[in-house]
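Notes for the structure review
Chain by chain, the residues:
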Protein chains: 2
Amino acid sequence: MIIAVDAAGGDYYPKSPVEGSIQAIDEDPNLTVILVGPEDIVNNELEEHDYDQERLLVQHAPEVIGMDESPAQAVKTKQKSSIVTGIGMHKKGKCDAFLSAGNTGALLAASTFLLGKLEGVSRPTIAAIYPTIKGPRLVMDAGANLEVRPSMFVEFAEMGRIFVNEIMDVDDPQVGLLNVGEEEEKGTDNLKKAYKELQALSNFVGNVEGGDIFSGKADVFLCDGLIGNIVLKFGESIPEALERFVKKGINDLGLGAEEAKLVSKVLKASLAEFDPDKVGGVPFLGVDGLTMVGHGSSSPLAIKNMILSAAKCVDHNINEKIVASLK
Amino acid sequence: MIIAVDAAGGDYYPKSPVEGSIQAIDEDPNLTVILVGPEDIVNNELEEHDYDQERLLVQHAPEVIGMDESPAQAVKTKQKSSIVTGIGMHKKGKCDAFLSAGNTGALLAASTFLLGKLEGVSRPTIAAIYPTIKGPRLVMDAGANLEVRPSMFVEFAEMGRIFVNEIMDVDDPQVGLLNVGEEEEKGTDNLKKAYKELQALSNFVGNVEGGDIFSGKADVFLCDGLIGNIVLKFGESIPEALERFVKKGINDLGLGAEEAKLVSKVLKASLAEFDPDKVGGVPFLGVDGLTMVGHGSSSPLAIKNMILSAAKCVDHNINEKIVASLK
């Protein structure tokens, strides 16, 4: 299997993509990784490391799309960027997936434009992987589609169900619609219509509320991308906020350094699932191909985990399963 | 000052409203409280307590609106309910405010229908009080208006600013619009239009993201009621979720009972601001009168705090200030 990785994306390139790719090929002997980016920068970084040169290759792509560039504009004008080059390689079948910790919007735009959509899919979607007390689960859409029509929720539900089942190893994943209350008649007209359409799915548990996310009442939480993005970022801010609340709590209680250290250690262990490095990255579901995006601050570990997750998606043929389920 | 309290609302009536009202008149000698509800039930509870009988009165209202009843239907058919009776008393000037821990929808419907709206207000709104590292702040709308037009955001911003300034004692409160990114061109068409209208306000800080709530980047976070309700309930679920994550973390680290106890104590102290009892309740801003709603699970302390908060709203003439600011 060949996975192409954006060597010029994210806050810590080329170090994170290069080191993460080396870790991935070390872990999975069936894997070949192609680093896509400006070859001088990539090769300079590679010189610092020992690695299997037959399974870690470089594809030159001189242009870099910045994290804050306008996605559509960047994809149009930077044809020699790592993102456009990598997705072009995937389109031509030169690799089984392309992954990036770079500009999410540019990656989504290039994926949709160059690879197209799977049969039966109106719009590709991006899912956020959320820590629940039952383990990681999906909140989707997480920002690719700010407004979602009722029929799109049904497609998202199916794509999410397949991903959670195949990649997160959850049996018979349940789907819930995020709303202001559990009753069928709650919410906007759009949500009421979505509820009706979702009832056709055997695994639809009905409306769920914001308080049901952490308890894992559903395995796939459906919402529009505006809500998903706000909830995602709110959730991501919990560990840091908590650190500051706890610092204050420890002061208020007049505890010492030893006790503070213990509490800090426990919190770190308890919130390990909140670490974006553990998740690695998430796929754009519904694209005719496999592209995944990681957090801008991805570490080498995050890149490694994203590569291994992509390999699992390829192994499990999730796109074929999505197309079959939407027929 | 006379505050009327729903003695037949919430999960713990008549105990919570009765005990909370006694605590409130004990704390504030200028306060008279009227308990509104079925008099046999209320008097039975009152017999259990010592209190100043001149400043704690009972208004009989035989009907009770259940927590899950359809709001519009309940308000129409239960004219002798504590909610309709209490708001009717307020309308006639027999009390300065009416508070309830009961059915939020029924309280909002009766408030809007019986009291009407303040001059210049299109739609009353309900705000959620949120713990941030800077102290409690507002996220609004929290569920009264699932869809919000751009001009309504401007009204919400002004009402929120006045409440945060007068009641939460924050100087020059800043207003932010919850969105998927900071840039002006982010979000749905509705949010883009709202951004433009909000620019007329001197205290508008622009778009803010989900990750900015806990850090208190704004003092008033504007959103539609669908987002506000989901974020509110998600936030409320943090302490319980955390308890379970931490239990697992303590197990994983193999810590003992003493250490677990310490961590639990620190968490409790650190998350004190998440306790809905501390907040007490929130007003329906924009109503021509003062009605406030508390959490269904309100304790006596919550009711006491809601009464004291209502008294502060009356003292500070926040409705007059809202009308003046919207002119």
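This one's a predicted model, so the numbers in the text were calculated from it and none came from an experiment.

Residues and elements named next belong to chain B. A rise of 1.5 Å per residue sets the reference length of helix α5 (residues 104-115), with its twelve residues, at 16 Å; its end C-alpha atoms lie 16 Å apart and thus fit the reference within 8%. When α5 is considered as a whole, its buried residues turn out to be Ala106, Leu107, Leu108, Ala110, Ser111 and Leu115. On its buried side, α5 packs onto α3 (71-77), α4 (82-91), β4 (97-100), β10 (282-285) and β11 (291-293). The N-cap residue of α5 is asparagine 103: its side-chain oxygen and the backbone nitrogen of glycine 105 are 3.1 Å apart. Glycine 116 occupies a position one or two residues after α5 and carries a positive phi of about 80°.

Moving on, we come to the pairing of strand β6 (residues 135-140) of chain A. Residues and elements named next belong to chain A. Within β6, five of the six residues are buried, leaving the element largely enclosed by the surrounding structure. Here strand β5 (residues 125-132) runs beside β6; their pairing, made up of six bridges, is antiparallel. Looking at the pairing, threonine 132 lines up with glycine 135 of β6. The hairpin formed by β5 and β6 contains two residues between the paired strands. Relative to strand β9 (residues 220-222), β6 is paired through three bridges, and the arrangement is parallel. Of the residues in β9, the one forming a bridge with leucine 138 is valine 220.

Residues and elements named next belong to chain A. You can read the domains of chain A as domain 1 (1-121 + 277-327) and domain 2 (126-236). Each of domain 1 and domain 2 was reduced to a C-alpha centroid, and the two centroids are 26 Å apart. Contact with domain 1, which involves 22 residues of that partner, is made by 16 residues of domain 2. Carbon and sulfur atoms make up 73% of the surface buried where domain 1 meets domain 2, a total of about 1,600 Å² over both sides. If you sort the residues of domain 1 by the area they bury against domain 2, Val282, Leu285 and Lys312 come out on top, with a joint share of 29%. Where domain 1 touches domain 2, the interface holds two salt bridges. For lysine 312, the salt bridge is made with aspartate 169, and the minimal N-O distance between the two is 2.9 Å. If you look at where domain 1 meets domain 2, you find six residue pairs in polar contact (both at pLDDT 80 or more). At the level of elements, α5 (104-115), β10 (282-285), α12 (300-315) and α13 (318-326) are the ones that each hand at least two residues to the side of domain 1 that touches domain 2.

Quick look at the environment of B:Phe274 now. Structurally, B:Phe274 is set in the loop between α10 (257-270) and α11 (276-279). B:Phe274 sits in the buried class, given a relative accessible area of 12%. Here the alpha-carbon distance between B:Phe274 and B:Pro239, two residues 35 residues apart in the chain, equals 7.4 Å. Residues in contact with B:Phe274, not counting those within four places in the same chain, are A:Phe245, B:Pro131, B:Phe214, B:Gly235, B:Ile238 and B:Pro239.

The rules behind these values
Residues numbered from 1 in each chain as written. Chains lettered and ligands numbered in written order. Predicted model: local features only at pLDDT ≥ 70, side-chain atom pairs only at ≥ 80, totals over all residues. Heavy atoms only, no water. Helix = DSSP H or I, 4+ residues; strand = E, 2+ residues; numbered from the N terminus. Expected span 1.5 Å × (residues − 1). Buried < 20%, exposed > 50% of the residue type's maximum accessible area, 1.4 Å probe, protein only. Contact = heavy atoms within 4.5 Å. Polar contact = N/O pair within 3.5 Å; in protein donor to acceptor, adjacent residues only side chain to side chain. Pairing = 2+ DSSP bridges. Domains from an automatic or database assignment. Buried area = accessible area lost by both parts, 1.4 Å probe. Salt bridge = Lys/Arg side-chain N within 4 Å of Asp/Glu carboxyl O.

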